[in-house]
Amino acid sequence: MIVASFFSEMGNDLITKLSSVNSNQISSLESIRKWDLKDYDNTLKFLKENPSKIVIIDLSDEDKIVFLKDLRELLHNNRSFLVNLINNPNLLEKEEFSALLLAIFHLCDELELREDFTKISKADFNHLKIDMDRVYSSLVYEWVRYLRHLYKYHPYMLSIAIRTNPFDKDASIYVVDE
């Protein structure tokens, strides 16, 4: 329930936001609707051994500022939700998910403390990118793990997750005949 509410409330939006500037798209995640349990397991193993990195597309300085402002706003607007999640005692059983939340809090703090994004140097942006990589890598891994759980235990919930797949540009909430 905790992980489901996270992805429903903000996780999918965060994946979408970070993926929007990433030229290093994970194309295998587009075809998740056709996966079986072995595909989930293989992908999780791959993601564990090969953390996802963001390769920033060629953004103008102005576009970087807009991206960072939007990211800061997304994280800021969900901060109280994240605080409620992190205070949940059930997270003690979910060490990797807790690490994701801490990485998100750190990125949120980094962005909120920078009042003027026009002052961000290339070195400072690269520092923020390391924090974004940490979040993105953990976020993608947890998303696949969450979908694996849905596949195995709650297939009716998997349908909406697949139809709103943030890695599939053609994803649509609408059910269509196959």
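One structure accompanies this document, and this report is about it. (Residues numbered from 1 in each chain as written. Predicted model: local features only at pLDDT ≥ 70, side-chain atom pairs only at ≥ 80, totals over all residues. Heavy atoms only, no water.)

## Here we look at a nonpolar patch on the surface
Now for step 1: A cluster of nonpolar residues, Ile160, Ile173 and Tyr174, forms a patch on the protein surface that exposes about 330 Å² of accessible area.
Now for step 2: Summarising the element assignment, Ile173 is placed in the segment after α7 (155–163).
Now for step 3: With a relative accessible area of 39%, Ile173 lands in the partly exposed category. (Patch = residues over 30% accessible without salt bridge, like charges linked within 9 Å, V, L, I, M, F, W, Y side chains within 5 Å. Areas by Shrake-Rupley, 256 points an atom, 1.4 Å probe, with all protein chains shown as cover. Salt bridge = Lys/Arg side-chain N within 4 Å of Asp/Glu carboxyl O. Helix = DSSP H or I, 4+ residues; strand = E, 2+ residues; numbered from the N terminus. Buried < 20%, exposed > 50% of the residue type's maximum accessible area, 1.4 Å probe, protein only.)

## Details of the side chain of Asp131
Now for step 1: Tracing the backbone shows Asp131 in helix α6 (residues 122–153).
Now for step 2: The exposure class assigned to Asp131 is buried, which follows from its relative accessible area of 2%.
Now for step 3: Polar side-chain contacts of Asp131 include one of 3.4 Å to the side chain of His106.
Now for step 4: For Asp131, the contacting residues outside a window of four places in its chain are His106, Leu107 and Glu110. (Polar contact = N/O pair within 3.5 Å; in protein donor to acceptor, adjacent residues only side chain to side chain. Contact = heavy atoms within 4.5 Å.)

## Focus: helix α2 (residues 37–49)
For an α-helix the count is 3.6 residues per turn, leaving residues at separations of three or four pointing the same way.
Now for step 1: End to end, α2 covers 19 Å across 13 residues, agreeing with the expected 18 Å (1.5 Å per residue, within 8%).
Now for step 2: All buried positions along α2 are accounted for by Tyr40, Thr43, Leu44 and Leu47. What you see down the axis of α2 is that its buried residues fit within an arc of 100°, all on one side. Pointing more than 90 degrees away from the buried face of α2 are the exposed residues Lys38, Lys45 and Glu49. (Expected span 1.5 Å × (residues − 1). Arc of directions from axis to C-beta.)

## A closer look at the nonpolar core
Considering soluble globular proteins, one finds that nonpolar side chains tend to be buried as a cluster.
Now for step 1: Core analysis: the largest hydrophobic core is formed by 57 residues, its most contacted members being Phe6, Leu14, Leu18 and Met132.
Now for step 2: Among the elements of the structure, α1 (2–19), α2, α3 (61–77), α4 (79–86), α5 (95–112), α6 and α7 are those that each provide at least two residues to this core.
Now for step 3: With residues near it in sequence (within four places) discarded, Met132 still touches Leu18, Ile54, Phe67, Leu68, Leu71, Leu107 and Phe125. (Core = buried A, V, L, I, M, F, W, Y, C linked by side-chain atoms within 4.5 Å.)

## Details of α7
Now for step 1: Along α7, the residues that are buried comprise Leu158, Ala161, Ile162 and Arg163.
Now for step 2: Elements that come into contact with the buried residues of α7 comprise α2 and α6.

## Thoughts on the environment of Asp13
Now for step 1: Turning to its location among the elements, Asp13 is positioned in helix α1.
Now for step 2: The class for Asp13 is partly exposed, based on a relative accessible area of 42%.
Now for step 3: Residues Asp13 and Glu96 lie 83 residues apart in sequence; the distance between their C-alpha atoms is 20 Å.

## Digging into the packing of α1 against α4
Now for step 1: The geometry of α1 relative to α4 is characterised by a closest axis approach of 11 Å and an angle of 175° between their N-to-C directions. One way to sum up the angle between α1 and α4 is to call them roughly antiparallel. Taken together, the residues of α4 that come into contact with α1 (itself represented by Ile2, Ser5, Phe6, Glu9 and Met10) are Phe81, Leu82 and Leu85.
Now for step 2: Looking at the contact of α1 with α4 residue by residue, the class counts come to 6 nonpolar, 1 polar and 1 charged. (Axes fitted to C-alpha atoms, helices over the stretch in contact; angles between N-to-C directions. Parallel < 35°, antiparallel > 145°, perpendicular 65-115°, else oblique. Nonpolar A, V, L, I, M, F, W, Y, C, P; charged D, E, K, R; others polar.)

## Considering the pattern of salt bridges
Now for step 1: The final tally for this structure, using the stated rule, is 13 salt bridges.
Now for step 2: Across the salt bridge formed by Lys45 and Glu49, the nearest N and O atoms sit 3.7 Å from each other. Note that Lys45 and Glu49 are positioned in helix α2 at a spacing of 4 residues, about one turn of the helix. Assigned by exposure class, Lys45 and Glu49 land together as exposed.
Now for step 3: The closest approach of N and O atoms between Glu110 and Arg114, which form a salt bridge, is 2.6 Å.

## As for the environment of Asn42
Now for step 1: In this structure, Asn42 sits in helix α2.
Now for step 2: By relative accessible area, which is 43% here, Asn42 ends up partly exposed.
Now for step 3: When the C-alpha atoms of Asn42 and Leu113 are compared, they prove to be 39 Å apart, with 71 residues separating the residues in sequence.

Without other data, these values stay purely geometric and don't point to any function.
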